[in-house]
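As a plain string of letters, each chain reads:
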Amino acid sequence: MKTQTKRRIVSLTLLASFVMLFASAVIVHATHGTTASHTWLHLHGLFGVIFTLASIYHIAYNWRTLKSHLFGNSK
Ligand code: HEM
Ligand code: HEM
């Protein structure tokens, strides 16, 4: 698979997992004290893991660019 394709998949996974992470957190809050809250908390944890993994790959795939933004000359 081309690096550009992987980079795109990782970035979109990151975006999707962030949306689901945020939505599930809001639902956990809204269903607080009910049995549904427990299920959503597990889903929230699952999206948290996906988000964390995607974050690591996202930074790795964009490392060169990130490094030049942080320390490099302003190209
Ligand atoms: C919810 C979190 C984030 C989302 C949804 C997101 C999404 C994206 C997308 C869609 C792109 C363009 C595609 C690509 O080049 O991969 C991108 C680029 C990039 N992201 Fe993120 N990103 C997130 C967080 C971060 C974080 C925390 C960092 C740095 C620590 C970061 C660093 C970068 C860099 C360096 C680029 C390349 C920019 C360029 O080419 O000038 N991103 N991001
Ligand atoms: C958009 C960002 C996030 C928001 C708004 C958010 C919000 C919340 C809230 C409100 C709770 C409390 C639920 C409750 O006990 O009633 C919670 C719990 C939790 N969050 Fe998040 N969270 C976010 C990101 C993450 C990430 C990135 C991870 C994992 C890496 C994560 C993992 C967890 C876990 C494991 C719990 C359960 C803690 C426990 O056992 O009580 N969250 N989150």
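Note that the structure is a prediction, hence the values are computed from the model and not measured. (Residues numbered from 1 in each chain as written. Chains lettered and ligands numbered in written order. Predicted model: local features only at pLDDT ≥ 70, side-chain atom pairs only at ≥ 80, totals over all residues.)

Secondary structure assignment for the chain yields 3 helices and 0 strands. Order of helices (α) and strands (β) in the chain, N terminus to C terminus: α-α-α. If you take every contact in the chain between residues at least 6 apart in sequence, the share linking residues at least 24 apart comes to 59%. (Helix = DSSP H or I, 4+ residues; strand = E, 2+ residues; numbered from the N terminus. Contact = placed C-beta atoms within 7 Å.)

Turning next to the site of ligand 1. All residues in the neighbourhood of ligand 1 are listed as Arg 7, Ser 11, Leu 14, Leu 15, Phe 18, His 58, Ile 59, Asn 62, Thr 65 and Leu 66. Elements with a minimum of two residues in the shell around ligand 1: α1 (3-30), α2 (35-61) and α3 (63-70). (Near = placed C-beta within 6 Å.)

The subject of this paragraph is the nonpolar core. One finds Val 10, Leu 21, Phe 47, Phe 51 and Ala 54 forming the largest nonpolar core, which totals 5 residues. Listed by contribution, the elements that provide at least two residues to this core are α1 and α2. It is α2 that provides the largest number of residues to this core, a total of 3 residues. When sequence neighbours within four positions are dropped, the list of residues in contact with Phe 47 reads Ser 17, Met 20, Leu 21 and Ser 24. (Core = buried A, V, L, I, M, F, W, Y, C linked by C-beta atoms within 7 Å. Buried ≥ 20, exposed ≤ 12 C-beta atoms within 10 Å, placed from the backbone.)

Attention now moves to α2. Given a rise of 1.5 Å per residue, 27 residues ought to cover 39 Å, and the 40 Å separating the end C-alpha atoms of α2 matches this to within 8%. In this structure, the buried side of α2 is in contact with α1. (Expected span 1.5 Å × (residues − 1).)

A word on the environment of Tyr 57. Relative to the assigned elements, Tyr 57 resides in helix α2. Between the C-alpha atoms of Tyr 57 and Gly 72, which are 15 residues apart in sequence, the distance is 21 Å.

Note that all results are geometric; they support no functional claim without further evidence.
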